[in-house]
Amino acid sequence: MSGKFITVLECVEVSGFCPIYKVGSKVVIDECLVWRTDNCLVQYRAGTAESANCYPFLVDVAPYFRSLCRGVPPKELGIAGADDYGYVTCKNLPVKWFLDHEYYTHGNVTFRIQLLPTDQNYNDQFDDDLRQRNMPPYGGSSRIDETSASAD
Amino acid sequence: MNMAYKAKYKVIATVDNVHGICPVYKGGEKIVMQDGVLNLQETDVVCLQLLSTLIHEYMVKQHQDYWKMEGGFDYSKEKTKCPRAGPPYGEGYVIVSTETVPQEL
């Protein structure tokens, strides 16, 4: 195991209507970067890139993202389902709460979380640039030791 | 302690419903946010996973007079939930309502 992970969030259910995500939409978190791997349902402006994410949803995922990037299994975080995948949802209520109790909502999305081991995270390609500036590479103090070991 | 000294509202979040299993809340607990901090005397217990949702809820509702004045949607009765998933995916989640109380500056 490399100790490096990419977090993949895949939409498995949309309750009601979500203008951003549909079932199958994927959000990929690679260290500090968040990517969208499919097009938005609603285009922002004609002729512009269509790769927006929902900001409130990203905020809702925020408590987990750093642990997930470091390979902490969703089960340890208390967000795993019976299949051991992690599951998170956005802050809006599922539509049943509107139908049963008239609590306002337009829709809610549920995402499945999967950790993919990788040899290189996105930031790693900048390690040499950082060393040239006499800065430590991404990844913390353990990798500073790696650098000095290789220099010896 | 005046990082939010212009906050005109105290925001009281109440856990309304527990759907499925929540290891922290049973329902009815309060989380009180005031002047940019948690009011620990009036707060029962704070789940840090729920806090991610409550932070932006608080930041906007402490200034709710602005968006109400401008004629936008009235979000004051909107409820929110924690990011945990309910059955059949995850164990459960809580639904939270927020009440704003004007306070003197």
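Because the structure is a prediction, the values reported are computed rather than measured. As a convention, each chain's residues are numbered from 1 in the sequence order in which they are written. All chains are assigned letters beginning at A, and all ligands numbers beginning at 1, according to the order in which they are written. Where local features are concerned, this predicted model is filtered to residues with pLDDT of at least 70; where side-chain atom pairs are given and counted, the filter is 80 or more; whole-chain, interface and lining totals use all residues.

## Details of the overall build of chain B
Secondary structure elements follow DSSP: runs of H or I of four or more residues count as helices, runs of E of two or more count as strands, with numbering from the N terminus. Scanning chain B for helices and strands turns up two helices and five strands. For chain B, the sequential pattern of α-helices and β-strands runs β-β-β-α-α-β-β. Of all 105 residues assigned to chain B, the portion counted as buried reaches 32%. A separation threshold of at least 6 residues defines the contact pool for chain B, and within that pool the share at least 24 residues apart is 61%. Counting other C-beta atoms within 10 Å of its own, a residue is labelled buried from 20 upward, exposed at 12 or fewer, and partly exposed in the gap between, with every C-beta atom placed from the backbone. Note that contacts rest on C-beta atoms placed from the backbone: two residues are in contact if these are within 7 Å.

## A look at the overall build of chain A
For chain A, the helix and strand inventory stands at five helices and five strands. Its helices and strands taken in sequence order, chain A reads β-β-β-α-α-β-α-β-α-α from the N to the C terminus. Sorting the 152 residues of chain A into buried and exposed places 27% on the buried side. Contacts in chain A between residues at least 24 apart in sequence constitute 51% of all its contacts with a sequence separation of at least 6.

## Concerning the interface of chain B and chain A
Taken together, the contacts link 16 residues of chain B with 16 residues of chain A. Looking at the side of chain B that touches chain A, the elements that each hand over two or more residues are α1 (48-61) and β4 (80-81) of chain B. Broken down by element, the residue count for the side of chain B that touches chain A peaks at five residues, all from α1(B). Polar here means any residue outside two lists: the nonpolar Ala, Val, Leu, Ile, Met, Phe, Trp, Tyr, Cys and Pro, and the charged Asp, Glu, Lys and Arg; Gly therefore counts as polar. Its residues placed into classes, the side of chain B that touches chain A shows five nonpolar, six polar and five charged.

## A look at the sheet that holds strand β3 (residues 33-36) of chain A
The strands making up a sheet associate through hydrogen bonds between their backbones, and the pairing can be parallel or antiparallel. Residue and element names in this part refer to chain A. One bridge is not enough; two strands pair if DSSP finds at least two bridges between them. Across the sheet, five strands lie side by side as β3-β2-β1-β5-β4; this open sheet has antiparallel pairing. The sheet is open, and its two borders are formed by β3 and β4 (86-89), each paired with just one other strand. The sheet shows a mean angle of 25° between the axes of neighbouring strands, taken without regard to direction. Bridge count for β4 against strand β5 (residues 107-117) is four bridges, and the pairing is antiparallel. The partner of G86 across the bridge, within β5, is I113. Relative to the sheet, helix α1 (residues 55-69) contacts β1 (5-16), β2 (26-30), β3, β4 and β5, its axis offset from that of β1 by approximately 150°. Between the N-to-C directions of two axes lies an angle of 0 to 180 degrees, each axis being a line fitted to C-alpha atoms and, for a helix, fitted only over the stretch in contact.

## What to know about the domain arrangement of chain A
Assigned domains within chain A: domain 1 (5-119) and domain 2 (120-152). Across the side of domain 1 of chain A that touches domain 2 of chain A, the residue classes tally to two nonpolar, one polar and three charged. Domains are outlined according to an automatic or database domain assignment.

## Notes on the pairing of strand β2 (residues 30-34) of chain B
Residue and element names in this part refer to chain B. As paired strands, strand β1 (residues 9-20) and β2 are joined by four bridges and run antiparallel to one another. Bridging across to β2, T14 finds its partner in K30. Two elements, β2 and strand β3 (residues 37-38), share two bridges in a ladder whose sense is antiparallel. Note on β3: the bridge partner recorded for Q34 is V37. Connecting β2 to the next strand, β3, in antiparallel fashion are two residues, including D35 with a positive phi near 50°.

## Overview of the sheet that holds β4(B)
All names here are of chain B. Across the sheet, five strands lie side by side as β3-β2-β1-β5-β4; this open sheet has antiparallel pairing. Bordering the open sheet on either side are β3 and β4, each of which pairs with just one other strand. Along the sheet, α1 contacts β1, β2, β4 and β5 (92-102); its crossing angle with β5, the most-contacted strand, is approximately 20°.

## Quick word on unusual backbone geometry
Leaving glycine out, the prevailing phi sign among residues is negative, and the prevailing peptide bond configuration is trans. The omega angle of the peptide bond from B:P87 to B:P88 is 10°, so this bond is cis rather than trans. You can see B:P88 is positioned in the loop between β4 and β5. Even without a glycine there, the phi angle at A:E31 is positive, about 50°. Take A:E31: it is sitting in the loop between β2 and β3. Backbone geometry places A:E102, a non-glycine residue, at a positive phi of 65°.

## A word on the nonpolar core
In this usage, the nonpolar core is the set of buried Ala, Val, Leu, Ile, Met, Phe, Trp, Tyr and Cys residues whose C-beta atoms join them within 7 Å. Judged by nonpolar contacts, the single largest core of 42 residues is most densely connected at A:Y87, A:V88, A:V109, A:F111, A:I113 and B:V94. Here A:F111 is in contact with A:L9, A:E10, A:C11, A:V12, A:Y87 and A:V88, once residues within four sequence places are set aside.

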